[in-house]
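# Inside the fold
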Amino acid sequence: MKAIWNGEVIAESNDTVVVEGNHYFPAASLKREFTTFSNHRTSCPWKGQAHYFSLLVKGDMNPDAVWYYPEPSEAAQEIKDRVAFWKGVQIVE
């Protein structure tokens, strides 16, 4: 699977976990050269608190497009050390 935004592969792995229709990639597969800091946080009733990265590709910013759970709940341990995408990031095989 590949996560693509603005013509660049942001992450690539054959080891994704699908939760609620979202592919969670291993955190190590995320190309950090395309990420920037975000202090955005959200809370999920069953997964816990999500943290975010923004994407910066070819001079274009996509705020809060990557999320992850640094300390997922017991019920969501399968997504620990994984990242997921939204805001126009395409997930393709």
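To start, this report covers the structure provided alongside it. If you're wondering where the values come from, they're calculated on a predicted model, not measured in any experiment.

### What about the pattern of salt bridges?
- In the structure shown here, the tally under the stated rule is 2 salt bridges.
- The partner of D15 in a salt bridge is R82, with the nearest N and O atoms 3.0 Å apart. Separated by 67 residues along the polypeptide, D15 in the loop between β2 (8-12) and β3 (17-19) and R82 in strand β8 (residues 82-85) bring together distant segments of the chain.
- Relative accessible area serves as the criterion here: at 41%, D15 is assigned to the partly exposed category.
- The partner of K47 in a salt bridge is E20, and the shortest N-O contact between them spans 2.6 Å. Of the two residues, K47 is situated in the loop between β5 (35-44) and β6 (48-57) and E20 in the loop between β3 and β4 (22-26); the sequence distance between them amounts to 27 residues.
- Given a relative accessible area of 55%, E20 falls into the exposed group.

### Re the environment of W46
- Tracing the backbone shows W46 in the loop between β5 and β6.
- C-alpha of W46 to C-alpha of A76: the two residues are 30 residues apart in sequence and 7.4 Å apart in space.
- Non-local contacts of W46, meaning those with residues more than four positions away in its chain, are made with V19, E20, S73, A75 and A76.

### Considering the sheet that holds β8
- The 6 strands lie next to each other as β3-β4-β8-β7-β6-β5, forming an open sheet whose pairing is antiparallel. The open sheet has two edge strands with one neighbour each: β3 and β5. Averaged over all pairs of adjacent strands, the angle between strand axes in this sheet comes to 35 degrees, irrespective of strand direction.
- Here strand β7 (residues 60-68) runs beside β8; their pairing, made up of 3 bridges, is antiparallel. Residue pairing across strands places Y68 opposite V83, the latter belonging to β8.

Cut-offs applied
- Residues numbered from 1 in each chain as written.
- Predicted model: local features only at pLDDT ≥ 70, side-chain atom pairs only at ≥ 80, totals over all residues.
- Heavy atoms only, no water.
- Salt bridge = Lys/Arg side-chain N within 4 Å of Asp/Glu carboxyl O.
- Helix = DSSP H or I, 4+ residues; strand = E, 2+ residues; numbered from the N terminus.
- Buried < 20%, exposed > 50% of the residue type's maximum accessible area, 1.4 Å probe, protein only.
- Contact = heavy atoms within 4.5 Å.
- Pairing = 2+ DSSP bridges.
- Axes fitted to C-alpha atoms, helices over the stretch in contact; angles between N-to-C directions.

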